[in-house]
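So the chains spell out like this:
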Amino acid sequence: MRRSFYSLLSIIIVFYACSQTISSPKIQLSSLGSIRLIDNYIFELVYANDSILLASTLESPQMMLKIPLDGDDDSRAKAFLNPGRGPTDASQTILYEVAYDTLHILSYSPAGIEKIIKIPLKQIDNVSAWKISDCSTALRGVQVSSGFTVSKAGDYYVVGDHLGVPNILSKIDASGRTYQPMDFWPKDSYPFNSNPIVKQMVYMRGAKLFCNGTNLLYVCGDGQYAIIGNESDGHHFVPRIEVLNKMPKYAGASDGMSVRRDPKGEIGLYSYASYKDVLLSPILARIKGGKYVPNSYKGYPAYYSDVLVKYDWNGTECGSYTLDYPFCCLILDESGEKIYTLSLDIQTGDQVIEIYDMPSDCE
């Protein structure tokens, strides 16, 4: 039986190994080179190793791109993963994560999670090697956001649950047939007896999730809130370390369902984590009256950032950096030695992928 929300709040104890704000950057990181996007438009970087980069795309008929890394543009990029209702197709909304030599695609719609597609990295072009798990019946009604990660055992952790349930994290077994709420409900100033959908929206939308052994890192898509915890008693998420603790500032709108953001509140972080490092980058703009203030960042869109702070999985800051070019997305490559960022040529409007060395020592 699911443990009640009330009893869970009464027993959770958070050990604050680190509770801080983003520090001022100390070291300049210079780009080693770039890949110019001339034929494709990228939504988000997904994965890189020493030969290829994977990204999600919005303009191609397909939903994912495989870009060779031995050139300086995307002219040899290959698109894959069709949208649609076929056996190996995905719905228009997907989550993605590369783990253990496999690209995991979670396909979902307003009706819930529909299927999980497992694509071996060496078999991206061989659709017959893809493995499909139908989740449309077992996971009907489970709503998810952008947070999705895979454990070593092959289980899936998602930011999501049924709407109106006071929980934002759930676990799906490797087969995709069962799910278990993890009873995580961040403690903030939102009134306890108010509509939980409002709070779910704040803590689900834009959130990210990363797994490292038994550790889970949740990064909120609003505020500057990042927390590391562990799975306990089979499925409960127990917060352990607050890496950043600026909670979202919001309230319910007059309709009782919508979110009203405090214009003074922070609006999120870019994030990525490997087995070794946690990278967090603050968005410095605010949103007032539906517009970004200020309306640009160093000539780039207002929601770009060039500040990057590195932590270990104990929440200890290891280094702070300023990058050559502001960005709106970042990943570490498979080795953890290279940073890839999605940037913009503000003269031409072309998207550009910049490549940096990841400093190996704590500063």
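Residue positions are given per chain, counting from 1 as you read along its sequence in written order. Residues qualify for local features only when their pLDDT is at least 70, as the model is predicted, and side-chain atom pairs are given and counted only at 80 or more; totals for whole chains, interfaces and linings, by contrast, use all residues. Side-chain calculation: all heavy atoms of the structure are included, whereas hydrogens and water are not.

Regarding the pairing of strand S31 (residues 351-357)
Argument step 1. Here S31 lies mainly inside the structure; 6 of its 7 residues are buried.
Argument step 2. Strands are labelled as partners when DSSP assigns at least two bridges between them. The helix and strand labels rest on DSSP assignments: H or I over at least four residues marks a helix, E over at least two residues marks a strand, and numbering proceeds from the N terminus. Here strand S2 (residues 33-37) pairs with S31 via 5 bridges, running antiparallel. Pairing of Gly-33 across the sheet is with Ile-355, part of S31.
Argument step 3. Of the pairings in the sheet, the one linking strand S30 (residues 338-344) to S31 comprises 7 bridges and is antiparallel in character. In the sheet register, Ile-339 faces S31, and the bridge partner there is Tyr-356.
Argument step 4. Count of turn residues in the S30/S31 antiparallel hairpin: 6 residues, of which Gly-349 carries a positive phi of about 85°. Only protein chains enter the accessibility calculation, which uses a 1.4 Å probe. A residue is then buried if its area is under 20% of the maximum for its type, exposed if over 50%, and partly exposed in between.

A closer look at the side chain of Asp-74
Argument step 1. In this fold, Asp-74 is placed in the loop between strand S5 (64-68) and strand S6 (78-80).
Argument step 2. Two N or O atoms count as a polar contact when they lie within 3.5 Å, although within protein this holds only if one can serve as hydrogen donor and the other as acceptor, and sequence-adjacent residues are included solely when both atoms are side-chain atoms. Among the polar contacts made by the side chain of Asp-74, one reaches the main-chain amide nitrogen of Ile-38 at a distance of 2.8 Å.

Details of the side chain of Ser-281
Argument step 1. When you line up the elements, Ser-281 lands in strand S22 (residues 278-282).
Argument step 2. According to the relative accessible area criterion, Ser-281 is buried, its value standing at 0%.
Argument step 3. In this structure the side chain of Ser-281 is engaged in a polar contact, spanning 2.9 Å, whose partner is the side chain of Ser-305.
Argument step 4. Polar side-chain contacts of Ser-281 include one of 2.5 Å to the backbone oxygen of Val-307.

A closer look at the sheet that holds strand S14 (residues 179-181)
Argument step 1. Strand order in this open sheet of 4 strands is S11-S12-S13-S14, and the pairing throughout is antiparallel. Either end of the sheet is taken by a strand with one partner, and the two such strands are strand S11 (143-150) and S14. When the angles between neighbouring strand axes are averaged without regard to direction, this sheet yields 30°.
Argument step 2. Where S11 meets strand S12 (residues 156-161), 5 bridges bridge the pair, whose relative direction is antiparallel. Directly across from Thr-149, in S12, lies its bridge partner Tyr-157. Helix axes are fitted only over the stretch in contact, all axes being lines through C-alpha atoms; the angle between N-to-C directions runs from 0 to 180 degrees.

Structural notes on the state of the cysteines
Argument step 1. The rule for a disulfide is simple: a pair of cysteine sulfur atoms within 2.5 Å. Per the counting criterion, the structure on display carries 0 disulfides.
Argument step 2. The cysteine Cys-135 is free of any disulfide, with Cys-211 supplying the nearest cysteine sulfur at 18 Å.
Argument step 3. Accessibility expressed as a relative area gives 0% for Cys-135, which makes it buried.

Regarding the confidence of the model for the protein
Argument step 1. A residue's pLDDT is the confidence the predictor assigns to it, expressed on a 0 to 100 scale. Looking at the protein as a whole, the pLDDT averages 89, with 92% of positions reaching at least 70.
Argument step 2. In what follows, residue pairs with any heavy atoms lying within 4.5 Å of each other are defined as contacts. Counted against residues more than four places away or in other chains, residues 1-19, with its pLDDT under 50, gives 39 contacts.

What about the pairing of strand S27 (residues 305-311)?
Argument step 1. Counting buried positions along S27 gives 7 out of 7 residues, so the element sits mostly inside the fold.
Argument step 2. The two faces of S27 match: Ser-305, Val-307, Val-309 and Tyr-311 on one face and Asp-306, Leu-308 and Lys-310 on the other face are all buried.
Argument step 3. One ladder, built from 3 bridges, connects S22 with S27; its direction is antiparallel. Across the sheet, Leu-279 pairs through a bridge with Lys-310, a residue of S27.
Argument step 4. Summarising the sheet, S27 and strand S28 (residues 317-327) pair through 6 bridges and their orientation is antiparallel. If you follow Val-307 over to S28, its bridge partner there is Thr-322.
Argument step 5. In this antiparallel pair of consecutive strands, S27 and S28, the connection spans 5 residues, and Gly-315 shows a positive phi of 80°.

Regarding the nonpolar core
Argument step 1. To qualify as a nonpolar core, a set must consist of buried Ala, Val, Leu, Ile, Met, Phe, Trp, Tyr and Cys residues joined through side-chain atoms within 4.5 Å. Ile-42, Leu-45, Leu-53, Leu-217, Tyr-340 and Ile-353 are the most contacted members of the largest nonpolar core, which totals 53 residues.
Argument step 2. Core analysis: the next-biggest nonpolar cluster, separate from the first, contains 22 residues, Met-182, Trp-185, Cys-220 and Met-247 among them.

So, the packing of aromatic side chains
Argument step 1. Stacked, edge-to-face and tilted are the three classes for Phe, Tyr and Trp ring pairs, Trp counted by its six-membered ring, which pair at centre distances within 6.5 Å; planes under 30 degrees apart are stacked, over 60 edge-to-face, the rest tilted. For the structure shown, the criterion picks out 13 aromatic pairs.
Argument step 2. Here the aromatic rings of Phe-80 and Trp-130 are separated by 6.5 Å at their centres, their planes lie at 70°, and the arrangement is edge-to-face. Taken as a pair, Phe-80 in strand S6 and Trp-130 in the loop between strand S9 (112-120) and strand S10 (131-134) lie far apart in primary sequence, 50 residues in all.
Argument step 3. Between Tyr-292 and Tyr-303 the ring centres are 5.7 Å apart and the planes differ by 45°, which places this aromatic pair in the tilted class. Here Tyr-292, found in strand S24 (residues 291-293), pairs with Tyr-303, found in the loop between strand S26 (300-301) and S27; they are 11 residues apart in sequence, far enough to count as distant.
Argument step 4. Among the residues examined, Tyr-292 registers a relative accessible area of 34% and is labelled partly exposed.
Argument step 5. An aromatic cluster is present here, built from Phe-184, Tyr-190, Tyr-203, Tyr-218, Tyr-225, Phe-237 and Tyr-250 joined pairwise through their rings.

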